[in-house]
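# A structural walkthrough
Spelled out, the chains give:
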Amino acid sequence: MTDAEAMADEFDTMAAWTADAVAELGQSHAIPAACRGSGSPAALEWLAGELRLRPGMRLLDCGAGVGGPAELAAQRFGVAPVLAEPMIHACRASARLFGRPVVVAGGERLPFRSGVFEAVWSLGVLCTVADQAALLAELRRVAGPAALVGLLVFLRTVPRLPEQPEGNHFLTADELDGLLAKSGLAVLKHAELAGFAAPEPDWQAAADRVEARIERVHGSDHRWQSAQHQEKIIGQLISEQLVAGRLLVLEPVG
Ligand SMILES: C[S@@+](CC[C@H](N)C(=O)[O-])C[C@H]1O[C@@H](n2cnc3c(N)ncnc32)[C@H](O)[C@@H]1O
């Protein structure tokens, strides 16, 4: 299987199945099920606060997946989110679940004018991108003069990983610092994902019901098995602390 096929199983096919499952189970499942790898609501709220999200603000969510984090920001902070995501079925799934504006686009080449967003975030995306410098340059380009940029990045804590999900490129903290310095983004603040409270039991239960329904319907499909395999690898790396999530608040400089 190629990197592209494995990533399509994990991020495209699973997105479509997630929207189908939410349609069966009810809209109260939508945000928990559509936060795919973006950490806990507590972490997202911390990041939203640090990015100074306010009602009416234009927030770009780059690599938005199924759109859960953008919707959480819209509902709790009143922002007007715009989503960019390269997987077409993930775009369709987010539009179906939340109806927010979304473009099919990779973060390395965003179809927006420079400086149009008042805040930008990209959650769990950097490690899935081959040209990470290009992604950071684009986030910086579309951020307005007073805009802050938020990232959730999964970092490698050891020189070598025993295994990693197809298509992933985990940086060390030092490598990330070097990349950010070259991208004209200065770190204002950071926080470790592991330090935030786990989701409330009802949030987790909703996400689990969606997962269970997808498994019931698609568990014998090789694409479900491939997505599960990918998720199991990243889950294992995180639980063994070989990879750890870090939230960053960045300010464009220069
Ligand atoms: C771990 S998921 C996170 C999704 C979402 N940000 C969230 O937190 O729920 C990574 C996302 O990055 C997207 N992605 C992959 N390559 C990308 C690229 N070149 N530019 C932007 N997004 C990309 C994937 O399709 C997937 O939706």
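In what follows, the accompanying structure is described.

Scoring rules and cut-offs
Residues numbered from 1 in each chain as written. Predicted model: local features only at pLDDT ≥ 70, side-chain atom pairs only at ≥ 80, totals over all residues. Heavy atoms only, no water. Buried < 20%, exposed > 50% of the residue type's maximum accessible area, 1.4 Å probe, protein only. Helix = DSSP H or I, 4+ residues; strand = E, 2+ residues; numbered from the N terminus. Arc of directions from axis to C-beta. Contact = heavy atoms within 4.5 Å. Right-handed = clockwise from strand over helix to strand, strands pointing away. Pairing = 2+ DSSP bridges.

## A short note on helix α7 (residues 173–183)
All of the buried residues along α7 are Leu176, Leu179, Leu180 and Ser183. For α7, the buried positions fall inside an angular range of 100° around the axis, keeping them on one side. Of the exposed residues in α7, those oriented more than 90 degrees away from the buried face are Asp174, Ala181 and Lys182. At its buried positions, α7 is contacted by α6 (132–142), β5 (143–156), β6 (185–192) and β7 (243–252). With its phi angle positive at about 70°, glycine 184 sits one or two positions after the end of α7.

## Describing the pairing of strand β1 (residues 58–62)
The buried fraction of β1 amounts to 4 of the 5 residues, a majority that puts the element mostly inside the structure. In this fold, β1 hands off to helix α4 (residues 68–77), which returns the chain to strand β2 (residues 80–85); that crossover is right-handed. Examined bridge by bridge, β1 and strand β4 (residues 117–123) share 3 bridges and lie parallel to one another. In the strand pairing of β4, leucine 60 is matched with valine 120.

## Some details on unusual backbone geometry
Non-glycine residue arginine 52 carries a positive phi angle of around 60°. Among the secondary structure elements, arginine 52 is positioned in the loop between α3 (41–50) and β1. For glutamine 241, which is not glycine, the phi torsion reads 60° and is therefore positive. Along the chain, the position of glutamine 241 falls in the loop between α9 (222–239) and β7. Residue classification places glutamine 241 among the exposed positions, given a relative accessible area of 62%.

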